[in-house]
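# Structure at a glance
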Amino acid sequence: MARYSGPSCRLCRREGEKLYLKGIKCQMEKCAVNQRAYAPGQHGAMQQRRKASNYGLQLREKQKAKRIYGVLERQFRRYFKIADRSKEVTGVRLLQFLEMRLDNIAYSLCLAASRAQGRQLVRHGFVYVNGRKVTIPSYQVKVGDEIQVRTSDEGLKRIKEILEQVQDRGVPSWLKLTADDLSGGVLRMPMREDIQQPIQEALIVELYSK
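Report on the accompanying structure.

## A word on the overall build of the protein
When helices and strands are counted, the protein shows 10 helices and five strands. Per-residue burial over the protein gives 43% buried out of 210 residues. For the protein, contacts bridging at least 24 residues in sequence account for 56% of all contacts bridging at least 6. When the accessible area of the protein is evaluated, it comes to approximately 12,000 Å², of which 48% is carbon and sulfur surface.

Listed below in structure tokens is the structure:
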């Protein structure tokens, strides 16, 4: 699956807020959003002065969601189509698809400092679901699934260091974590109030419904 490989800070600056794409580095004073709080590019500073149209607001919300979860357009649209066909609220179901991705679960369990790092853990074969190695970051984890990280002693030591650094972030109530053996699981589906990302999913539904 393709992925964005450009500078992460550029994406945060384009959305005008921190998306925490680089994990711990985003909390430092040298964060690009703190240094240059305007859109990237030659005319970035000028764009901040323009009033966005309804379409512009909807587009920015969609782009923000894609960038937070590290998903490109084709896959994001597929999530929306499935969510739209479900009997549940389309916007909430869309966010649930994004939250239940394996790379996001690894991040939410504090096993990675960022979703990109969670994706790397999965791609390198360090994450096991119900005892089976899964190397697909977009793998949809189900309620009751058990997740565990298996790697070398040096790798486990590094992940535990990350866990200590990001422990203030906390583990969502719909997940469980056993820090001793770096394992966890999904207790239930996340509800809308459990998803703390600054996303207005109604705008995304309006955009795709046109």
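## What to know about the nonpolar core
Membership of the largest hydrophobic core comes to 24 residues, with the highest contact counts inside it found for Leu102, Ile105, Ile147 and Val186. Within the residue set of this core, elements represented by two or more residues are helix H7 (102–108), helix H8 (115–123), strand S1 (127–129), strand S3 (146–149) and helix H9 (153–165). Here the element with the most residues in this core is H9; it accounts for three residues. Non-local contacts of Leu102, meaning those with residues more than four positions away in its chain, are made with Val122, Val127, Val129, Val134, Ile136, Pro137, Tyr139, Val141 and Ile147. Among the nonpolar cores identified, the runner-up in size contains 16 residues, and Leu95, Phe97, Ile195 and Tyr208 belong to it.

## Some words on the pattern of salt bridges
It is possible for side chains of opposite charge to pair when their charged atoms get near one another. Within this structure, the stated rule accounts for 10 salt bridges. For Glu61, the salt bridge goes to Lys64, with nearest N and O atoms at 3.3 Å. A residue pair is termed a helical-turn pair when its members lie 3 or 4 positions apart in one helix, as Glu61 and Lys64 do in helix H4 (residues 54–69) at three residues. Classification of Lys64 by relative accessible area gives buried; the value is 8%. Ionic pairing is found between Glu73 and Arg77, a salt bridge with its closest N-O pair at 3.5 Å. With Glu73 and Arg77 both in helix H5 (residues 73–85) and four residues apart, the pair spans about one turn of that helix.

## Considering the pairing of strand S4 (residues 175–178)
Sheet analysis places S4 next to strand S5 (residues 183–186), joined by four bridges and oriented antiparallel. Among the inter-strand pairings, Thr178 is bridged to a residue of S5, identified as Ser183.

## Some points on the pairing of S3
A regular strand places its side chains so that they alternate between the two faces of the sheet. Residues of S3 alternate between two faces, with Ile147 and Val149 buried on one and Glu146 and Gln148 left unburied on the opposite face. Direction of pairing for S3 relative to S5: antiparallel, over a ladder of three bridges. Bridged to Gln148 within S5 is Ser183.

## Thoughts on H9
Compared with an ideal rise of 1.5 Å per residue, which puts 13 residues at 18 Å, H9 spans 19 Å between its outermost C-alpha atoms and is within 8% of the ideal. Taken residue by residue, H9 has Gly155, Ile159, Ile162 and Leu163 as its buried positions. For H9, the angular spread of the buried residues around the axis is 105°, confining them to a single face. Opposite the buried face of H9, by more than 90 degrees, sit the exposed residues Asp153, Glu154 and Glu164.

Cut-offs applied
- Each chain carries its own residue numbering, running from 1 in the written order of its sequence.
- The model is predicted, so local features are restricted to residues of pLDDT at least 70 and side-chain atom pairs to those at 80 or more, both for listing and for counting; the totals for chains, interfaces and linings are taken over all residues.
- Working from all heavy atoms in the structure, the side-chain values ignore hydrogens and water.
- Secondary structure elements are taken from DSSP: a helix is a run of H or I of four residues or more, a strand is a run of E of two residues or more, and numbering for both begins at the N terminus.
- Exposed residues in this analysis have more than 50% of their type's maximum accessible area, buried residues have under 20%, and partly exposed residues fall in between, with area computed by a 1.4 Å probe over protein chains only.
- Note on contacts: a residue pair is in contact if any heavy atoms of the two residues lie within 4.5 Å.
- Where accessible areas are quoted, they stem from the Shrake-Rupley method and a 1.4 Å probe; at the residue level, only the protein chains shown are allowed to cover.
- In plain words, nonpolar cores are sets of buried Ala, Val, Leu, Ile, Met, Phe, Trp, Tyr and Cys residues tied together by side-chain atoms within 4.5 Å.
- What makes a salt bridge here is a side-chain nitrogen of Lys or Arg within 4 Å of a carboxyl oxygen of Asp or Glu, nothing more.
- A pair of strands counts as paired when DSSP detects no fewer than two bridges linking them.
- An expected span of 1.5 Å times one less than the residue number is assigned to each helix.
- When we speak of the arc, we mean the arc of directions from the helix axis to the C-beta atoms.

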